[in-house]
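# Descriptive structure summary
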Amino acid sequence: MKYHIWTEGCQMNVADSQRVASALEHLGYSVTPKPEEADVIVLNTCVVRQSAEDKAYGRLNSLRPLKEKNPHLVINLMGCLVGIRNNDALRKRFPFVDVFSPPSDPSPLVAFLTQSEVREMEESATATRYAYMDGDLVLPEAERGKLVSAHIPVVYGCSHACTYCIIPYRRGIERSRPPEDILAEARALVRQGVKEITLLGQIVDRYGKDNPAYPTLAGLLIRLSEIEGLERIRFLTSHPNWMTDELLDAVASLPKVMPHIEVPAQAGDDTVLENMKRGYTAEQYRALIARIRERIPGVSIATDIIVGFPGETEEQFMNTYRLLEDLRLDVAHLARYSPRPGTVSARRMKDDVPEEEKMRRFRMLEELQERIVGEINARYLGENVPVLFEEKVKQRWKGRTPTNKLVFVESEEDLRGQIREVKITWTGPWSMIGSLKK
Ligand code: SAM
């Protein structure tokens, strides 16, 4: 992969271009003097004189045909022409520019180039969690030793029987694990260096409901909180109908339990919800989100949505769209409905939303969420947040905020397993960049 940088203006711009070049080389790009050979083109601009500004516009216009020929080409406009504020007029005038960066700041370009990777990383992390939840994945002890963040299944199986879901057929009825086993496993993991555990269950907030001798999930969180050396506790996935105030208050009051709730809506339309046999209405889901936000200040909330469920009309889909638009949740795991063998929906309902239509609905929600999450995350800009660092990925340390936002930091220190204050310097819908507070 190749990059080409065109620099105009003062020594400062020359130095800035060097920083960009070095950041790109970190990512595996090498320089080319020929723009037509490049995968990434950076125009580092100057507006000190009108002639310099005109030259920048001329150069920019000359790139348009290159972009038309190669839509994968990434064009980055940088420097004084962009300035330090977001420049909407420039965005409108040059829609073929992918990234606008203020002077001296390579991070928007780096973030743009790594976004698809970050996204893949997040999607694979979600898939891993689901595999754990289903009891399919158990890491060997040796590998667990390197982990900062580990998963512990606490409820096996599921007895809810949502019409689309294959889990109850494959994993059997709901069984909570004995609290002593969970506590012992958590202690063992902490002894191996784990700092964060995530409790897993298909309906994790039903923990203990199948055995009167067991505590509730809130009770389990209290006991886990007492483990010395364990820094952070999370749990997922919750079903809306079992989110008690006791549980929400435990999250709010236990410092080790992170303010992040994963509670799937699946749809925002009452008929679709009824056909899915989810057991609540859209209005009840909205009320739940309000209650979670009221009881846990600063909480982040994730949901799951299925588009194209059998019989889902445009109007019903738009109810789901409006639900997400109104609730402004931090994460939406989106899926296109697929009939799973043996499930009620596969046996009794016609998979009648065409694939292209499912894709269109999926994309609409994806775009909506990207905008909403971009706006939510932008509020972190300039804030200091405690980040638990997990591993180094391509020169940058990867960690998470209490609200489960992904943060990258460049540092030569070994940050694995440390919780450090980070000042956020760039935000996007999938991740943020920051620097360690000294
Ligand atoms: N048990 C949790 C629940 O449904 O509340 C989540 C676990 S499930 C493995 C993860 C997600 O996959 C579900 O929330 C749902 O959005 C999606 N999913 C399940 N069955 C599906 C199907 N037949 N077609 C499309 N998506 C499906």
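Anything mentioned here points back to the structure above.
A few points on the structure. (Residues numbered from 1 in each chain as written. Predicted model: local features only at pLDDT ≥ 70, side-chain atom pairs only at ≥ 80, totals over all residues. Heavy atoms only, no water.)

### Digging into the site of the ligand
Let me state the cut-off plainly: Throughout, the term near means that a residue has one or more heavy atoms lying within 4 Å of the molecule or strand in question. Polar contacts, as used here, are pairs of N or O atoms within 3.5 Å; protein pairs need one atom able to donate a hydrogen and one able to accept it. Residues neighboring in sequence count only if both atoms are side-chain atoms. The Shrake-Rupley method, run with a 1.4 Å probe, gives the accessible areas here. Residue values count only the displayed protein chains as cover. In this description a helix means any DSSP run of H or I spanning at least four residues, a strand means any run of E spanning at least two, and both kinds are numbered starting from the N terminus. Ten residues, namely Ala, Val, Leu, Ile, Met, Phe, Trp, Tyr, Cys and Pro, are considered nonpolar, four, namely Asp, Glu, Lys and Arg, are considered charged, and the remaining ones, Gly among them, are considered polar.
Around the ligand lies a shell of 13 residues, among which Tyr 164, Gln 202, Gln 266, Asp 304 and Ser 338 are the nearest. The contact in question runs from a nitrogen atom of the ligand to an N or O atom on the side chain of Gln 202, over 2.6 Å. Here the ligand loses 87% of its free accessible area of 560 Å² to cover by the protein chains. Of all the secondary structure elements, the ones that give two or more residues to the shell around the ligand are strand S12 (300-307) and strand S13 (331-336). Across the shell around the ligand, the residue classes break down as 6 nonpolar, 3 polar and 4 charged.

### A closer look at the nonpolar core
Condition: Here, the term nonpolar core denotes a set of buried Ala, Val, Leu, Ile, Met, Phe, Trp, Tyr and Cys residues that are joined through side-chain atoms within 4.5 Å. Buried, partly exposed and exposed residues are distinguished by accessible area as a fraction of the type maximum, computed with a 1.4 Å probe on protein chains only: under 20%, between the cut-offs, and over 50%, respectively. Residue contacts follow a heavy-atom distance rule, with two residues in contact if any of their heavy atoms lie within 4.5 Å.
The biggest cluster of nonpolar side chains holds 71 residues, and the ones touching the most others in it are Ile 197, Leu 199, Leu 224, Phe 235, Ile 261 and Ile 292. Examining the composition of this core, we find that 6 residues originate from one element, helix H12 (residues 314-327), more than from any other. Other than its neighbours up to four places away in sequence, Leu 199 contacts Ile 152, Val 154, Ile 182, Val 204, Leu 217, Leu 220, Leu 221, Leu 224, Arg 234, Phe 235 and Leu 236. Core analysis: the second largest hydrophobic core is formed by 19 residues, Ala 38, Leu 43, Leu 73 and Leu 77 among them.

### Here we look at the packing of aromatic side chains
The cut-off we apply is this: For this analysis, a ring pair means two rings from Phe, Tyr or Trp (six-membered ring only for Trp) whose centres lie within 6.5 Å, classed as stacked if their planes differ by under 30 degrees, edge-to-face if by over 60, and tilted for the remaining angles. Our definition puts a charge over a ring when NZ of Lys or CZ of Arg is within 6 Å of the ring centre and also within 35 degrees of the ring normal.
Here the structure, examined in full by the defined rule, presents 7 aromatic pairs. In this structure an aromatic cluster arises from ring pairing among Tyr 57, Phe 94 and Phe 96. The cationic tip of Arg 336 hangs over the ring face of Phe 362; the distance from NZ or CZ to the ring centre is 5.4 Å.

### Focus: the sheet that holds strand S14 (residues 384-393)
Here is the rule we go by: When DSSP finds two or more bridges between a pair of strands, those strands are recorded as paired. Here an axis means a line fitted to C-alpha atoms, over the contact stretch when the element is a helix, while the angle between two N-to-C directions is reported on a 0 to 180 degree scale.
One closed barrel holds the 5 strands; their spatial order is S14-S15-S16-S18-S17, and the pairing between them is mixed. Each neighbouring strand pair of the sheet contributes to a mean axis angle of 55 degrees, computed without reference to strand direction. Bridge count between S14 and strand S17 (residues 419-427): 5 bridges; the pairing is antiparallel. Bridging across to S17, Val 385 finds its partner in Val 422.

### With respect to the side chain of Gln 369
With respect to the element layout, Gln 369 can be found in helix H14 (residues 355-378). Among the polar contacts made by the side chain of Gln 369, one reaches the main-chain carbonyl oxygen of Leu 329 at a distance of 3.2 Å. Contact partners of Gln 369, with chain neighbours within four places excluded, come to Leu 324, Leu 329, Asp 330, Val 331, Ala 332 and Gly 374.

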